[in-house]
Amino acid sequence: MVVVDRTKKGGQYVGNWRTYMPEVDYERCTACLLCAMYCPEAAITANEEGKPEVDLRFCKGCGVCANECPVKAIRMVKEE
Amino acid sequence: MSEFDVMPGNKAVAHGVRLARVEVIPIFPITPQTTIVEYLGEFIANGELDAEYIQSEGEHTCMGMAVGASLAGARTFTATCSQGLAYMHEVVAQAPSYRTPIVMAIADRTLGWYWSLGPDYSDIMPELNLGWLVNFAESNQECLDMVLQLYKIAEDRRVLLPSMLSLDGFYLSYSYERVGIPDQELVDGFLPPYEAPYPVDPTISDRWPSAGIPPPLHTTYRRLFEEVMEDAKRVIAEVDAEFGEVFGRSYGGLIEKYRCDDADAVLVTMGSMTTAARRAVDRLRAEGERVGLVKLRFMRPFPTAEFREIAGEVDAIGVVDRVVLHGTGGGSAFADVKSALYSLEDRPKVMNFVTGLGGEDIPIDDLVAMGRKVLRVASTGRLEKEVEFIEHPLPKGAEPIRLDEEMPIYPGSDGCAGCGSSIIIRHLLKILGPNTVIVNPPSCSGVNYSGVVRVPWILANYAAAAGYETGIYRAFKHKGKADKIYVTGFSGDGGTVDIGLQAISGAAERGESMMWVCYDNEAYMNTGIQRSSSTPLFAATTSTPAGTVWKGKPQKRKNMILIMAAHRIPYIATASLAYLPDLERKIRKAAEVTRSGKGMAYLHIQQPCATGWYFPPEKTVEVGRLAVQTGAWPLLEIEDGVLRLNVKPRKLKPIEEYLKLQRRFRHLSKEQIAAIQREVDKDWKSWLALEKMGKLPWY
Ligand SMILES: Cc1ncc(C[n+]2csc(CCOP(=O)(O)OP(=O)(O)O)c2C)c(N)n1
Ligand code: SF4
Ligand code: SF4
């Protein structure tokens, strides 16, 4: 039988999908975390200050976070 | 004169259908067949073909439409493969007795139980013995030519049987080759319009085909069918010869022999692997080996006489099969070749190579090795191993990224960047938690999330998903655990409003206390954006393209909410990924309702799809928000029959604001936009009126 073992599961690397990368302006960020709620890949978690931190291994660079940020604290910048 | 073009096999089939002036085309998408019917849709949308194009809601119906159209005397075409062909099976079995000369293209693809998009013959072989003619094409040119030949053969009064044209998925369906497109005039001369001998048309006929005869006649009629199959062999040869005279290409009838003169041994192949086998034979011949190749063109009727003749000329035959008949130890063509030869006094050795399953490539090197093995058997006269499975090691794939925290769904997915269903599934599983079983019909979401979820994710057959779900739920109920595990259907709109509807309706009416979550991206996205009955008015999809004749989908979407409300289930809600608190509240409510055993909870969540609606991925949530603000996607719930609109803007924004973000609406005229606005306004008023009723009266 082919079986799935949930104890061996984890995230999926998608970092190589990206052409633009989100960059957070922590001065502007109000820690509302809407970006994290909307991120389709669950790539955003809260850091110690409660502000968003992007795990680039899981970020596809879709730009939803930047588009939804109510104070425009996220900018999409071209990957090197 | 004919013109040439470079095209994939699926397009070659579509050109054949266009040239054959097919009159009725029922369709249902499935990879890798879908582009055949998309090309046909484009021909019709642009006035290059005049045919009834019927977007069915599932293959069972689709084949029913084909049989019906053919019974009424129309030249009919359809196409499918894999799960779709299996789902059709009952109706496929019915078609021969009605003597309906349908041509159906099968862009072969592995049939479950281990799923693959790649081709093997596990889909078509179970259909072999029903009374259809079954032909295998090797090249894209042969695909086009055989559509024309098969209509001529199938419609011949000596035959009058449906026929399948098998083309290997991917290797032919999507591979580009140079193809000659014959002149319409020549085709018209070769293939006159179809005249059904006994159309079910009371205005012109007094006699119709029947499917009912008393048992004592069954054996007689089955024998007669075998005689028809024998006649078909002659017709196949005649039509191929005539085709050669008219178009300058012919293929050899039931089989084609390649470099078989003076051969000691032959390989037998079918479909696209034959081209690689030709090169393998060339290589062995260059080394002086006396090996030939037999291309099996028709599996039904089976070329028994041809193989008996070959048996007299060679000492060994090696049959290459892209399928296993489980329980027999070998492949399908192998079984047929052996049985054709058994009653001969003097028989060559017959061996079998099973290879290329799940769509794995069959390389020339492998075929050379097979050729050597058959030659060795021929020269030694000894056959040690009758069937060999040709297996290759698995290339190493990416490992999952281990995270400290246990989550019901981990980060990352195979979805498109910005995919809205990713947002939905994450919030759903966040709330339902680890004791959830997801039942998922084929869709984008199965591809996207089955790898990253930590809960059981059961891939269910498309039409049967609510059946799988009911079975799981009832088992838990029987074991007294139904309140501890959330059994949840997670399905696209196709799997809900179209092919899945019957099973969902059954479950709702029986009061199965489980959840069905439809994430509605308003088309069949996984197969490449074909319309569903949830696609909104005038949206362009690949099966409702905007062309010179067609202007997008002409129908309004189905009102699934009221369909579910007609079942009087305790909880129904629409939701949006742009309104997450509302969405999460509704998921909680649905969970509570099902856990308490009150009956089905149905959530219908709009899912903007950047890929299929043609907007930039960052706008997924923005588009969803505008859908609510314009009234295109009202947020509402029906709790024990009481309908409430959850978001009621003082004034709805003009629908154009929503439409203009999406290129699927780019072709709209002013009149069409106004018509959509009228429909939105009418629907909004209807919802308000229903809300006013307090409780829907039938609850
Ligand atoms: C019986 C059957 N027919 C056809 C298919 C091919 N198929 C796979 S996914 C799909 C469309 C899915 O559309 P939908 O249910 O709307 O989900 P989406 O991909 O849009 O998320 C189809 C037609 C299949 N797997 N099984
Ligand atoms: S760009 Fe997309 S994937 Fe990356 S963090 Fe933002 S929302 Fe998530
Ligand atoms: S096609 Fe649409 S629904 Fe499918 S993964 Fe892409 S964005 Fe998501």
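Residues numbered from 1 in each chain as written. Chains lettered and ligands numbered in written order. Predicted model: local features only at pLDDT ≥ 70, side-chain atom pairs only at ≥ 80, totals over all residues. Heavy atoms only, no water.

Visitor: I tried to follow the pattern of salt bridges on my own but got confused; where do I start?
Guide: Where charged atoms of side chains with opposite charge meet at close range, the side chains can pair. All names here are of chain B. The final tally for this structure, using the stated rule, is 54 salt bridges over all chains. The salt bridge involving Arg259 is made with Asp282; its shortest N-O contact spans 3.0 Å. With Arg259 in the loop between β9 (255–258) and β10 (265–269) and Asp282 in helix α8 (residues 273–286), the pair connects residues that are 23 residues apart, well separated along the chain. Salt-bridge contacts for Asp483 lead to Lys484; the nearest nitrogen and oxygen are separated by 3.3 Å. Connected through shared salt-bridge partners, Glu138, Glu142, Glu256, Arg278, Lys295 and Arg297 make up one network. (Salt bridge = Lys/Arg side-chain N within 4 Å of Asp/Glu carboxyl O. Helix = DSSP H or I, 4+ residues; strand = E, 2+ residues; numbered from the N terminus.)

Visitor: Explain the domain arrangement of chain B here, please?
Guide: Many structure descriptions define interface size as the accessible area lost when the parts assemble. Residue and element names in this part refer to chain B. You can read the domains of chain B as domain 1 (3–191 + 210–247), domain 2 (255–389) and domain 3 (421–431 + 489–495 + 505–546 + 553–692). For domain 1 and domain 3, the distance between their C-alpha centroids amounts to 37 Å. The partner domain 3 presents ten residues to the 14 residues of domain 1 that form the contact. For the pair domain 1 and domain 3, the summed buried area comes to about 800 Å², and 58% of that belongs to carbon and sulfur atoms. Interface area lost by domain 1 to domain 3 is led by Pro29, Glu38 and Gln55, which between them contribute 53%. The interface formed by domain 1 and domain 3 includes zero salt bridges. The interface formed by domain 1 and domain 3 includes three residue pairs in polar contact (both at pLDDT 80 or more). With five residues, helix α2 (residues 34–45) is the largest single contributor of residues to the side of domain 1 that touches domain 3. (Domains from an automatic or database assignment. Contact = heavy atoms within 4.5 Å. Buried area = accessible area lost by both parts, 1.4 Å probe. Polar contact = N/O pair within 3.5 Å; in protein donor to acceptor, adjacent residues only side chain to side chain.)

Visitor: Sorry, what's going on with the interface of chain A and chain B here?
Guide: Tallying the contact residues gives 25 residues for chain A and 35 residues for chain B. Across the interface of chain A and chain B, roughly 2600 Å² is buried in total on both sides, 52% from carbon and sulfur atoms. Taken as a group, A:Arg6, A:Lys9 and A:Tyr38 account for 23% of the area that chain A buries against chain B, more than any other trio of residues on that side. The interface formed by chain A and chain B holds two salt bridges in total.

Visitor: What is the right way to look at the pairing of strand β14 (residues 349–354) of chain B in this model?
Guide: Side-chain positions along a regular strand alternate between the two faces of the sheet. Residues and elements named next belong to chain B. Buried residues dominate β14, accounting for five of its six residues. Pairing geometry for strand β13 (residues 316–321) and β14, over six bridges, is parallel. From the neighbouring strand, Val319 faces β14, where its bridge partner is Asn352. The parallel pair β13 and β14 is bridged by helix α10 (residues 332–341), and the resulting crossover is right-handed. In this structure, β14 lies alongside strand β15 (residues 387–389), joined through three bridges in parallel fashion. Paired with Val354 across the bridge in β15 is Phe389. (Buried < 20%, exposed > 50% of the residue type's maximum accessible area, 1.4 Å probe, protein only. Pairing = 2+ DSSP bridges. Right-handed = clockwise from strand over helix to strand, strands pointing away.)

Visitor: Can you help me understand the sheet that holds strand β7 (residues 163–168) of chain B in this one?
Guide: For sheets, the rule is that strands pair by backbone hydrogen bonds, running either parallel or antiparallel. Residue and element names in this part refer to chain B. Strands sit in the order β4-β5-β7-β6-β12 across an open sheet of five strands; the sheet is mixed. Since the sheet does not close on itself, it has two edges, and those belong to β4 (77–80) and β12 (298–300), each with one partner. Neighbouring strand axes in the sheet, compared pairwise and without regard to direction, differ in orientation by 20 degrees on average. Sheet analysis places strand β6 (residues 133–136) next to β12, joined by two bridges and oriented antiparallel. When the bridges of β12 are listed, Val134 appears paired with Arg300. (Axes fitted to C-alpha atoms, helices over the stretch in contact; angles between N-to-C directions.)

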